[in-house]
Amino acid sequence: GENVEQHPSTLSVQEGDSAVIKCTYSDSASNYFPWYKQELGKRPQLIIDIRSNVGEKKDQRIAVTLNKTAKHFSLHITETQPEDSAVYFCAAEHSSSNTGKLIFGQGTTLQVKP
Amino acid sequence: ETGVTQTPRHLVMGMTNKKSLKCEQHLGHNAMYWYKQSAKKPLELMFVYNFKEQTENNSVPSRFSPECPNSSHLFLHLHTLQPEDSALYLCASSPQTSLLTGELFFGEGSRLTVL
């Protein structure tokens, strides 16, 4: 079945530095790739997503890149701030099946040190 | 109230108890979901409902029994659970099951502890 691998599991950066989280997926039919941020004790919230017909998408300090050939996608956070500290999850959906079945990665705990 | 609301936020139960988790969404969405979040494991999809009909059961043990009386409400009935079922249970909703039409919106979760 579909599998999503996410790395690293933990990431510590200095405030102002960039952070990169990478995911690979197994099902070549996947065509929707969201990223969720979960702060401690809070619900996961969508921060950015990308569809398979796009190679890159940017929203202020956050960007996501997608390489369909290699079946991997990455989250880039620039000029990190302490409030970026959270667990980040990537996910992939096999949209042609129309089931809403999102497969999540294991999560990356990002710590931004002031 | 807006968004996805889950009750109770915390639940402690014994292995022989019967309890239920409730989820209500005020977003006008047609699809609802139950996810399980355990420590150091990915979010696991349990069930998907689309227009009140179950469209996905991800091989969930029968001690978890979902119920979706309408597109706004979703329940998870719990019976004879095991300690390893202790986890955060997240409800979510989306406009349609195809997430290309709109995002998956999560509730705050119900933290379940089975003694």
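Residues numbered from 1 in each chain as written. Chains lettered and ligands numbered in written order. Predicted model: local features only at pLDDT ≥ 70, side-chain atom pairs only at ≥ 80, totals over all residues. Heavy atoms only, no water.

Quick look at the environment of B:Lys18
Thinking step 1. Here B:Lys18 shows up in strand 3 (residues 18-25).
Thinking step 2. Once the C-alpha coordinates of B:Lys18 and B:Pro61 are considered, the two residues, 43 residues apart in sequence, prove to be 15 Å apart. (Helix = DSSP H or I, 4+ residues; strand = E, 2+ residues; numbered from the N terminus.)

Considerations on the sheet that holds strand 1 (residues 4-7) of chain B
All names here are of chain B.
Thinking step 1. Reading across the sheet, the four strands line up as 1-3-8-7 and stay open at both edges, with antiparallel pairing between neighbours. Looking at the sheet topology across the chains shown, the edges are occupied by strand 1 and strand 7 (64-70). Each adjacent strand pair in this sheet contributes to an overall mean axis angle of 15°, direction not counted.
Thinking step 2. Pairing of strand 7 with strand 8 (residues 73-79) involves five bridges; the strand directions are antiparallel. From the neighbouring strand, glutamate 67 faces strand 8, where its bridge partner is phenylalanine 75. (Pairing = 2+ DSSP bridges. Axes fitted to C-alpha atoms, helices over the stretch in contact; angles between N-to-C directions.)

Description of the environment of A:Leu66
Residue and element names in this part refer to chain A.
Thinking step 1. Tracing the backbone shows leucine 66 in strand 7 (residues 62-67).
Thinking step 2. A residue is classified by how much of its surface remains accessible, and leucine 66, at 11% relative accessible area, is buried.
Thinking step 3. Separated by 30 residues in the primary sequence, leucine 66 and tyrosine 36 place their C-alpha atoms 16 Å from one another.
Thinking step 4. Look past the residues within four positions of leucine 66 in its chain and what remains in contact with it is Tyr25, Phe33, Ile50, Arg51, Ser52, Val54, Gly55, His72 and Phe73. (Buried < 20%, exposed > 50% of the residue type's maximum accessible area, 1.4 Å probe, protein only. Contact = heavy atoms within 4.5 Å.)

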